[in-house]
Each structure stands twice: as structure tokens, then as C-alpha cells.
Amino acid sequence: QVQLVESGGGLVQAGGSLKLSCAASGNIFSVHNMGWYRQARGNERELVATISSDYSSTYGDSVEDRFSISRDDAKNVVYLEMSSLRREGTGVYYCNARIRSTANGETMDYWGEGTQVTVSS
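Below is a summary of the structure that appears in this document. (Residues numbered from 1 in each chain as written. Predicted model: local features only at pLDDT ≥ 70, side-chain atom pairs only at ≥ 80, totals over all residues. Heavy atoms only, no water.)

1. A few points about the sheet that holds strand β1 (residues 2-7)
Item 1. Across the sheet, 4 strands lie side by side as β1-β3-β8-β7; this open sheet has antiparallel pairing. Every interior strand has two partners, whereas the edge strands, β1 and β7 (67-72), have only one. In this sheet, adjacent strand axes meet at a mean angle of 15° when their direction is disregarded.
Item 2. Here 6 bridges tie β1 to strand β3 (residues 18-26), and the two strands are oriented antiparallel to one another. Residue pairing across strands places leucine 4 opposite alanine 24, the latter belonging to β3. (Pairing = 2+ DSSP bridges. Helix = DSSP H or I, 4+ residues; strand = E, 2+ residues; numbered from the N terminus. Axes fitted to C-alpha atoms, helices over the stretch in contact; angles between N-to-C directions.)

Below is the structure:
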């Protein structure tokens, strides 16, 4: 079994900052791409940011330079630092990771249950 657990969400005023964390645990052989996705109410899940195993990153169009993704491979944790938050940043933030399991040797995409971020005006 592999699990992803997000933390760090909450209520923040527009213009403020938050840092999300996502820890992968369980039968992990290796972790490849990790990323964050956001789903606002009534909308589809959209890309926020991804980071590869060689630390190259990509960002969604709505993020611009306000967000920063990073990872700690010793802890199997991915972070998302968000600054200058806007109301449209409200939504459930989901962690995603492509992981090779020790249990069956297969590489699969795993998802966390999500953490709510609410940006108030």
C-alpha cells in the first residue's frame, strides 16, 4: 500500500501565503514525478505544479511566479509554497505522485485525499 497525505491547507486572506505539504508513505521503491492539482467547486481538476525526479518543474497557467514547488526525496515529501494568493485560488488541492511500489514492482499514479484552501477577500 502507498499513501499520500496532504497538510497545510486552511483559510487565508487574499494576498497572503500558505505552504502545503504532501508525504508519501508505504511500500515505496522509488518516487518519480510529484505534483499538485486544484479543483474548485464545479470545475475540473487542473494542474498547479509538478516536479520531476531531476527537480525540473512546470506550472499551470494561472500560477505565474507566485507559487513554488519543491521536494525532499529523503522524506518523500513534496511542498507547494503559495504567495500573493487570490480568491480564484480557492479549492481542494490534491497531491499526486508517480511511485514504483515494492509490493508488486508496478509504477502507478497515486492521489491524496486533498486539502482545502480558501482565500477570502
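2. Section: the environment of valine 12
Item 1. In this structure, valine 12 sits in strand β2 (residues 10-13).
Item 2. On the basis of relative accessibility, which here comes to 10%, the residue valine 12 falls in the buried class.
Item 3. When the C-alpha positions of valine 12 and arginine 87 are compared, they lie 9.5 Å apart, and in sequence the two are 75 residues distant.
Item 4. Valine 12 has contacts with Ser17, Leu18, Leu85, Thr118, Val119 and Ser120, leaving out every residue within four places of it along the chain. (Buried < 20%, exposed > 50% of the residue type's maximum accessible area, 1.4 Å probe, protein only. Contact = heavy atoms within 4.5 Å.)

3. Focus: the state of the cysteines
Item 1. Using the criterion set out here, one finds 1 disulfide in the structure.
Item 2. In this model cysteine 22 forms its disulfide with cysteine 95; the gap between the sulfur atoms is 2.1 Å. On the S-S bond that ties cysteine 22 to cysteine 95, the torsion sits near -80°, and the link is left-handed. In this pair, cysteine 22 is assigned in strand β3 and cysteine 95 in strand β9 (residues 91-101), connecting sequence segments 73 residues apart.
Item 3. For cysteine 95, a relative accessible area of 0% translates into the label buried. (Disulfide = S-S within 2.5 Å.)

4. Points about unusual backbone geometry
Item 1. Here the phi dihedral of asparagine 76 falls at roughly 55°; this positive angle occurs in a residue that is not glycine.
Item 2. Within the secondary structure, asparagine 76 is located in the loop between β7 and β8 (77-82).
Item 3. Located in the positive-phi region is serine 84, a residue other than glycine, with phi close to 50°.
Item 4. Its place among the elements puts serine 84 in the loop between β8 and β9.
Item 5. Serine 84 sits in the partly exposed class, given a relative accessible area of 39%.

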